[in-house]
There are 2 protein chains.
Amino acid sequence: MTNRRATIADVAREAAVSPSTASVVFSGKTPVSDATRRRVLAAASALGYVGPDPRAASLRLGRSGIVGVVVGASLNHLFLDPVQRLMMDGLAEAVAPFGAGLLLLRTHTDVENAPTLLTAPVDAAVLIGCDAPLRESLDAARSRGLPLVVIEGDAGSDVPQILLDNRDAQRTAAQHLRDLGHTDVAIVTLRTRAEITSGWLPSDAEITIDVTRERLEGARDVFADAPALATAGSSIDEGLAAGRVLFADPANRPTAVIAQSDLLAAGVIRAAEEAGLTVPLDVSVTGFDGIPVDGLSPYELTTLVQPPTDKGRAAGEAVAAMLEGRVPASVLLTCAFRPGRTTGPVPARR
Amino acid sequence: MTNRRATIADVAREAAVSPSTASVVFSGKTPVSDATRRRVLAAASALGYVGPDPRAASLRLGRSGIVGVVVGASLNHLFLDPVQRLMMDGLAEAVAPFGAGLLLLRTHTDVENAPTLLTAPVDAAVLIGCDAPLRESLDAARSRGLPLVVIEGDAGSDVPQILLDNRDAQRTAAQHLRDLGHTDVAIVTLRTRAEITSGWLPSDAEITIDVTRERLEGARDVFADAPALATAGSSIDEGLAAGRVLFADPANRPTAVIAQSDLLAAGVIRAAEEAGLTVPLDVSVTGFDGIPVDGLSPYELTTLVQPPTDKGRAAGEAVAAMLEGRVPASVLLTCAFRPGRTTGPVPARR
DNA sequence: TTGTATGCGTTATCAT
DNA sequence: ATGATAACGCATACAA
């Protein structure tokens, strides 16, 4: 027994055909007579050859079938958010028909030798979000000339973007609250910058994370002076913590809360319950995302429904387009306002 | 302007050195004089060469730095579970020092042409769980001679396994309930088979998912006849649905519930609240996993704490060992019982 | 329909 | 410390 794996040359020899013929049997790019095909396949299975070596094929074809997805924080953190999970599903689905899969890469890791866009055999890169640490990956992709797509972040005009009408959508929700008579409104925001900094937001706070800034602008378009409380990210527990702050002083609490995500809204609602408040009788709460929140039932959140899977799919299609040499389109996806049962009229004066 | 990307040969020519010398400047495998190194680097930057082409390097080295992770269902579904998220983080962390990253692959997808273990340039494969659909990936990995690790599933004695003492741990929790005097106990299980089938479990039900079967055995070691209600998977909402069933009849409800995951337990607790029951006064609930459940506070779950990150890390180390030609170890990780505030003595007779 | 020849971009070996 | 050369395994252009 040899311990070297069989190559297509071995198969060809065994089948008494040329390497190119054997190759064609596997790739199907050229017609092959049935007889030879059978011979080649028989030889292959005799030698335990299961198909071309992907590594050699990638070099030859100039394509590895791998799309690098650069995520900022830990997977645990990223995938806590259902929006991201669905987005990744859409992305995977859209590149799969091209034989491509997703390689997870992290921007910042203290591990020596960790794989990056510079060292991994990727055909294209997808960046999620676009705060400072991602900048590095952006440069890497550019210097290697990799097709690049950015999701909810601005990387310059040459990179296709997959955007959401965050500001318009959030304004719609705010307007809904105003229509219900609310004037005393608080905003609970997503993370505002790469570093974790939660707490009351100064009115001139610099917000480097686009989605947070845009949604805040939408809310402020209607409630210009609404106080905003920043969280460390989209989770129920962060929303709970924020809600506790908002409802701490019974004499001085908002009648409505605009949360920048459904998870945050779920936490705010929980905090309201804790404080003995009924939603929406005592306080109205709006979310953002419109995804099913595990554990939120029986509430039906008033929220903005975004299409996370479509977002991923759009990114995937942009990648696919670039891989085929077509010109990818930037996409602006829109959110739909979905009234639920967590908003209502302003309660009678306390 | 040429539109072909520069290769290391171009760099070598520009720097007036041999290709091998230029290569060594980037790999650092052999000493190079400072002067030539500088010349090469200068030439590289002049030509916009940012390092060896990973595709060519993979062929030459026989290593792509990619570990295929085969997940069964959608990413959304998989990553709903915090245990899986943390596990993946551990896995990524453990292979990163070897320059390796994780490529997500799905077992069953109806997409034509989707990447698989047979077509993707992976150095090794990690299978998560091991029900029927994974079998296929297992064969693929075997036929390509890929190093293979299975997490919480049995793939035969030649494959290193990363296991948890599910049965022992669950027995400990059950014993805890028995010690508190409970005899009327119900079990809420994880998914029992690849297909989704929830509902009361016949006593002779065939359970193909190992973790579910093992935990059930542990519970049955103490409460041999406890009724078991199967769910479609680990989520708060599934637990909520199960809890509603359990607590539907006030005259005939269990005094304790053994949930096979913390998420399920969280849902059961929510159902108890809904039914007007107080935990642990009216009903005790145990979980399994010991991870922070977003949205469960302020409860402190009585649960079994498993080390999900270690589990991933162990898998990653086994992979790394195999890549280096060392003999990987199977690992049996143990869970620790952590009493919380969701279990208590049997309530006075109703 | 089949075969021949070549190159994809590297890196390891060996000699200098 | 540096250079010449071969090989990694495959897929294609082109000839037959």
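Residues numbered from 1 in each chain as written. Chains lettered and ligands numbered in written order. Predicted model: local features only at pLDDT ≥ 70, side-chain atom pairs only at ≥ 80, totals over all residues. Heavy atoms only, no water.

Labelled according to an unreviewed UniProt entry, chain A appears under the name LacI family transcriptional regulator, originating from Microbacterium dextranolyticum.

S.K.: Whenever I open this one, helix H6 (residues 82-95) of chain A confuses me. Can you help?
M.R.: Residues and elements named next belong to chain A. The terminal C-alpha atoms of H6, which comprises 14 residues, lie 20 Å apart, in line with the 20 Å expected from a rise of 1.5 Å per residue. The element H6 is extensively covered by neighbouring structure, given that 13 of its 14 residues are classed as buried. Its side-chain oxygen placed 2.9 Å from the backbone nitrogen of Val-83, Asp-81 serves as the N-cap of H6. (Helix = DSSP H or I, 4+ residues; strand = E, 2+ residues; numbered from the N terminus. Expected span 1.5 Å × (residues − 1). Buried < 20%, exposed > 50% of the residue type's maximum accessible area, 1.4 Å probe, protein only. Polar contact = N/O pair within 3.5 Å; in protein donor to acceptor, adjacent residues only side chain to side chain.)

S.K.: Looking at this structure, I do not really get the relation of the copies chain A and chain B. What am I missing?
M.R.: Between the two copies of this chain, the relationship is a rotation about some axis together with a displacement along it. When chain A is fitted to chain B, the best match, at an RMSD of 0.1 Å, comes from turning it 180° and sliding it 0.0 Å along the axis. Here the copies are linked by what is in effect a two-fold axis. When C-alpha positions in chain A are compared against the rotation axis, the closest is assigned to Leu-103 of chain A, at 2.1 Å. (Least-squares fit on C-alpha atoms with pLDDT ≥ 70 in both.)

S.K.: Sorry, what's going on with unusual backbone geometry here?
M.R.: Outside of glycine, negative phi angles account for most residues, and trans bonds account for most peptide bonds. All names here are of chain A. Cis geometry marks the peptide bond from Val-279 to Pro-280, where omega comes out at 10°. Relative to the helices and strands, Pro-280 resides in the loop between helix H11 (262-274) and strand S10 (284-286). Unlike most non-glycine residues, Asp-289 shows phi in positive territory, near 135°. Along the polypeptide, Asp-289 turns up in the loop between S10 and strand S11 (303-305).

S.K.: Honestly, the sheet that holds strand S9 (residues 256-259) of chain B in this entry has me stumped. Any pointers?
M.R.: Across a sheet, strands are paired by hydrogen bonds formed along the backbone, either parallel or antiparallel in direction. Residue and element names in this part refer to chain B. If you walk across this open sheet you meet the 5 strands as S7-S8-S6-S9-S10, and the pairing is mixed. Only two strands of the sheet have a single partner each, and these edge strands are strand S7 (199-200) and strand S10 (284-286). Alignment of strand S6 (residues 185-189) against strand S8 (residues 228-230), held across 3 bridges, turns out to be parallel. By the bridge assignment, Thr-189 is partnered in S8 with Ala-230. The strands touched by helix H8 (residues 166-179) within the sheet are S9 and S10, with S9 carrying the most contacts at an inclination of about 170°. (Pairing = 2+ DSSP bridges. Contact = heavy atoms within 4.5 Å. Axes fitted to C-alpha atoms, helices over the stretch in contact; angles between N-to-C directions.)

S.K.: In this structure, what is going on with the packing of aromatic side chains? I would like to understand it.
M.R.: The final tally for this structure, using the stated rule, is 3 aromatic pairs over all chains. Consider the rings of Phe-79 of chain A and Phe-79 of chain B, whose centres lie 4.2 Å apart with planes at 0°: the pair is stacked. Of the two residues, Phe-79 of chain A sits in the loop between helix H5 (75-78) and H6 while Phe-79 of chain B sits in the loop between helix H5 (75-78) and helix H6 (82-95), which places them in two different chains. Across the pair, exposure class does not vary: Phe-79 of chain A and Phe-79 of chain B are buried alike. Summarising the aromatic geometry, the rings of Phe-26 of chain B and Tyr-49 of chain B are spaced 5.2 Å apart at their centres and angled 70° between planes, so their arrangement reads as edge-to-face. (Phe/Tyr/Trp six-rings, centres within 6.5 Å; stacked < 30°, edge-to-face > 60°.)

S.K.: Can you walk me through the domain arrangement of chain A in this structure?
M.R.: Reports often express the size of an interface as the amount of accessible area lost when the parts come together. All names here are of chain A. Under the domain assignment, chain A is made up of domain 1 (8-52), domain 2 (61-164 + 308-335) and domain 3 (166-307). One C-alpha centre belongs to domain 2, the other to domain 3, and the line joining them spans 28 Å. If you look at the interface, domain 2 gives 19 residues, while domain 3 gives 19 residues. Around 1400 Å² of area is buried between domain 2 and domain 3 when both sides are counted, 61% of it from carbon and sulfur atoms. The interface formed by domain 2 and domain 3 holds 0 salt bridges in total. (Domains from an automatic or database assignment. Buried area = accessible area lost by both parts, 1.4 Å probe. Salt bridge = Lys/Arg side-chain N within 4 Å of Asp/Glu carboxyl O.)

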